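Analysis of the macromolecular model
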Amino acid sequence: MDERIVKLAKNLVNYAVKVKEGDKVLINQIGHNTDPLARQLIKEVYAAGGVPFVNFENESIKRELLLHCTKEQVDIMAKRDATIMKEMDCFIGIRSDDNNNELSDVPTENRRIYEEFHFRPVHHQIRVPDTRWVVTRFPSYAMAQRANTSLEDFEDFYFNVCNLDYAKMSKAMDSLVELMNRTDKVRIIGEGTDLSFSIKDIPAIKCDGQVNIPDGEVYTAPVKNSINGKISYNTPAVYLGYTYENIIFEFENGKIVKATANNNEKINAVLDTDEGARYIGEFAIGVNPYVIHPMKETLFDEKIMGSIHLTPGNAYDDADNGNRSTVHWDLVYIQTPEYGGGEIYFDDVLIRKDGMFVLPELECLNPENLK
């Protein structure tokens with residue numbers, strides 16, 4: 001067994017979800033590429049005194065199910081999976097896709113049915129609030145291809161990202177959390193972007209390797225009706241199997257009043273899923289020093305050093321602005337010089353320029369201090 005896999009499994013079990021004696025742990029495995037990590041996770045759960053369970057999913061099988069699914073069918077699937085999830089103390093999700101676009105030809109209405117009547121009740125309403133959980137990806141040829149690297153180079157990148165010192169990162173994040181908790185007005189400026197909103201009285205939450213691996217962001221939410229201006233996202237984003245590019249949103253009093261992309265019809269259909277999909281549920285700042293380019297994997301892209309993400313849809317309970325939606329779509333805007341640069345201001349004070357923190361108390365989050 002690759003010692004890097006052993007280290008990752010130990011971190012997931014002991015640091016991220018903190019398995020203890022008697023804990024029931026569901027290992028949700030998507031793709032056979034994850035077999036080495038799944039096996040090691042089972043060993044580590046047993047070593048920690050826990051009881052492992054495994055659920056295996058296959059995206060091509062899921063596609064066949066969803067092509068002609070009905071609400072009644074999905075309800076039954078949700079009841080089955082909810083019954084298992086309610087028994088669990090911990091959840092570790094590992095995924096490795098052979099084809100990121102496997103669900104791209106599933107009808108939009110069928111995907112909506114699955115999101116609303118399966119994923120939301122099982123994961124949003126049970127797993128997220130009631131278990132100690134973490135999710136990660138695992139290297140595959142498809143992931144390496146999307147990152148424009150060989151598989152070997154991607155594996156080296158992956159383990160650098162996933163096995164960094166998250167305890168050190170956690171401590172460094174404290175100063176940013178404190179500053180965000182004191183902040184009212186945020187302004188974001190860059191190419192095609194000039195956006196203002198308030199985060200007053202909405203908690204800032206650090207993501208330091210205990211929910212996502214890789215990790216490295218601090219998030220909050222905008223006051224729901226406070227966003228005005230325009231943002232031109234500069235990374236591709238996959239939603240339900242379709243890749244969106246050149247996404248531009250224009251806001252008035254919190255609502256996305258105009259949205260364009262490489263497919264205007266599709267992106268507006270996503271935003272018309274429900275009333276909350278045209279409002280923002282999350283604002284986050286990415287700081288992972290090893291993630292510097294987008295690779296169409298949200299779990300990585302939203303952590304890019306020098307990025308922010310501004311998320312249409314549902315707000316998190318611990319940073320709640322009251323917005324509710326079946327959508328939660330993390331869209332990433334990078335402000336490093338390679339991507340056009342940009343600035344972030346908190347209450348009219350510059351805190352980050354061209355992806356690098358400029359306030360002395362935040363310099364601990366710059367890449368050279370986290371690697």
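This write-up is about the structure you can find in this document.

Scoring rules and cut-offs
- Residues numbered from 1 in each chain as written.
- Predicted model: local features only at pLDDT ≥ 70, side-chain atom pairs only at ≥ 80, totals over all residues.
- Heavy atoms only, no water.
- Core = buried A, V, L, I, M, F, W, Y, C linked by side-chain atoms within 4.5 Å.
- Buried < 20%, exposed > 50% of the residue type's maximum accessible area, 1.4 Å probe, protein only.
- Helix = DSSP H or I, 4+ residues; strand = E, 2+ residues; numbered from the N terminus.
- Axes fitted to C-alpha atoms, helices over the stretch in contact; angles between N-to-C directions.
- Parallel < 35°, antiparallel > 145°, perpendicular 65-115°, else oblique.
- Left-handed = near helix turned anticlockwise from the far one by under 90°.
- Contact = heavy atoms within 4.5 Å.
- Expected span 1.5 Å × (residues − 1).
- Arc of directions from axis to C-beta.
- Pairing = 2+ DSSP bridges.
- Phe/Tyr/Trp six-rings, centres within 6.5 Å; stacked < 30°, edge-to-face > 60°.
- Polar contact = N/O pair within 3.5 Å; in protein donor to acceptor, adjacent residues only side chain to side chain.
- Salt bridge = Lys/Arg side-chain N within 4 Å of Asp/Glu carboxyl O.

Regarding the nonpolar core
Counting 96 residues, the largest nonpolar core has Ile247, Phe249, Phe283, Leu310 and Trp329 as its most contacted members. By residue number, the principal contributor to this core is helix 8 (residues 166-182), which donates 8 residues. Formed by 9 residues, the second largest nonpolar core is a distinct cluster that contains Leu67, Cys69, Val74 and Ile113.

What about the packing of helix 4 (residues 71-85) against helix 5 (residues 108-130)?
Interhelical geometry of helix 4 versus helix 5 gives an angle of 15 degrees and a closest axis separation of 9 Å. The angle between helix 4 and helix 5 falls in the class roughly parallel. In the crossing of helix 4 with helix 5, the sense of the turn from one axis to the other is right-handed. Contact residues: Lys71, Val74, Asp75, Met77, Ala78, Asp81, Ala82 and Met85 in helix 4; Ile113, Tyr114, Phe117, His118, Val122, His123, Ile126 and Arg127 in helix 5.

A look at the packing of helix 1 (residues 3-16) against helix 2 (residues 35-47)
In a packed pair of helices, the relevant descriptors are the angle between the two axes and the axis-to-axis distance. Following both chains from N to C, one finds helix 1 and helix 2 inclined at 50 degrees, their axes separated by 9 Å at the closest point. In terms of orientation, helix 1 and helix 2 fall into the oblique class. Remark: the crossing between helix 1 and helix 2 carries right-handed chirality. Seen from helix 1, the contacting residues are Ile5, Val6, Leu8, Ala9, Lys10, Leu12 and Val13; seen from helix 2, they are Pro36, Leu37, Gln40, Leu41, Glu44 and Val45.

Thoughts on the environment of Phe300
Mapped onto the elements, Phe300 comes out in helix 10 (residues 298-301). Separated by 96 residues in the primary sequence, Phe300 and Ala204 have C-alpha atoms spaced 20 Å apart. When residues no more than four places from it in sequence are discounted, the contact partners of Phe300 are Arg137, Met143, Phe157, Tyr158, Val161, Pro214, Val291 and Met295.

Quick look at helix 2
Taking 1.5 Å per residue as the helical rise, helix 2 with its 13 residues ought to reach 18 Å, and the 18 Å between its terminal C-alpha atoms agrees with that figure. When we look at burial in helix 2, the residues that qualify are Leu37, Ala38, Gln40, Leu41, Glu44 and Val45. Buried residues of helix 2, seen end-on, are gathered within an arc of 165 degrees and therefore sit on one face of the element. Away from the buried face of helix 2 by more than 90 degrees, exposed residues Tyr46 and Ala47 are located.

Brief notes about the sheet that holds strand 16 (residues 307-312)
Across the sheet, 5 strands lie side by side as 7-9-15-16-17; this open sheet has antiparallel pairing. Single-partner strands in this sheet number two, and they are strand 7 (205-207) and strand 17 (332-334). Each strand of the sheet is rotated relative to its neighbour by a mean of 25 degrees, with strand direction disregarded.

Quick look at the packing of aromatic side chains
One pass over the structure, following the stated rule, counts 13 aromatic pairs. Here the aromatic rings of Tyr219 and Tyr316 are separated by 5.1 Å at their centres, their planes lie at 55 degrees, and the arrangement is tilted. In this pair, Tyr219 sits in strand 9 (residues 217-220) while Tyr316 sits in the loop between strand 16 and strand 17, placing the two residues 97 residues apart along the sequence. Between the aromatic rings of Tyr242 and Tyr244, the centroid separation amounts to 4.7 Å while the plane-to-plane angle is 70 degrees, which identifies the pairing as edge-to-face.

Notes on the pairing of strand 5 (residues 185-190)
Here strand 5 runs beside strand 6 (residues 193-198); their pairing, made up of 6 bridges, is antiparallel. Bridge pairing in strand 6 places Lys185 opposite Ser198. In textbook terms, the turn of a hairpin is the stretch between consecutive antiparallel strands, and for strand 5 and strand 6 this stretch comprises 2 residues, one of which, Gly192, has a positive phi near 70 degrees. Here strand 5 pairs with strand 18 (residues 342-346) via 5 bridges, running antiparallel. Looking across to strand 18, one finds that Ile188 is bridged to Ile344.

Quick notes on the sheet that holds strand 3 (residues 90-95)
Spatially, 5 strands are ordered 2-1-3-4-8 in an open sheet, and the strand pairing comes out parallel. Both outer strands of the open sheet, strand 2 (51-57) and strand 8 (212-213), are each paired with one neighbouring strand and no more. Here strand 4 (residues 132-137) pairs with strand 8 via 2 bridges, running parallel. Its bridge partner being in strand 8, Val135 is matched across the sheet by Asn212.

Quick word on the side chain of Asp97
Tracing the backbone through its elements, the reader meets Asp97 in the loop between strand 3 and helix 5. Look at Asp97 and you get buried, because its relative accessible area is 6%. Among the polar contacts listed, one links the side chain of Asp97 to the side chain of Arg95, at a separation of 3.0 Å. Apart from the residues lying within four places of it in its own chain, the contact partners of Asp97 are Ile30, Glu59, Ser140 and Ala142.

Considerations on the pattern of salt bridges
The full count for this structure, using the stated rule, is 23 salt bridges. For the salt bridge of Lys24 with Asp89, the shortest nitrogen-to-oxygen distance reads 3.8 Å. Here Asp89 lies in the loop between helix 4 and strand 3 and Lys24 lies in strand 1 (residues 24-30), a separation of 65 residues in the sequence.

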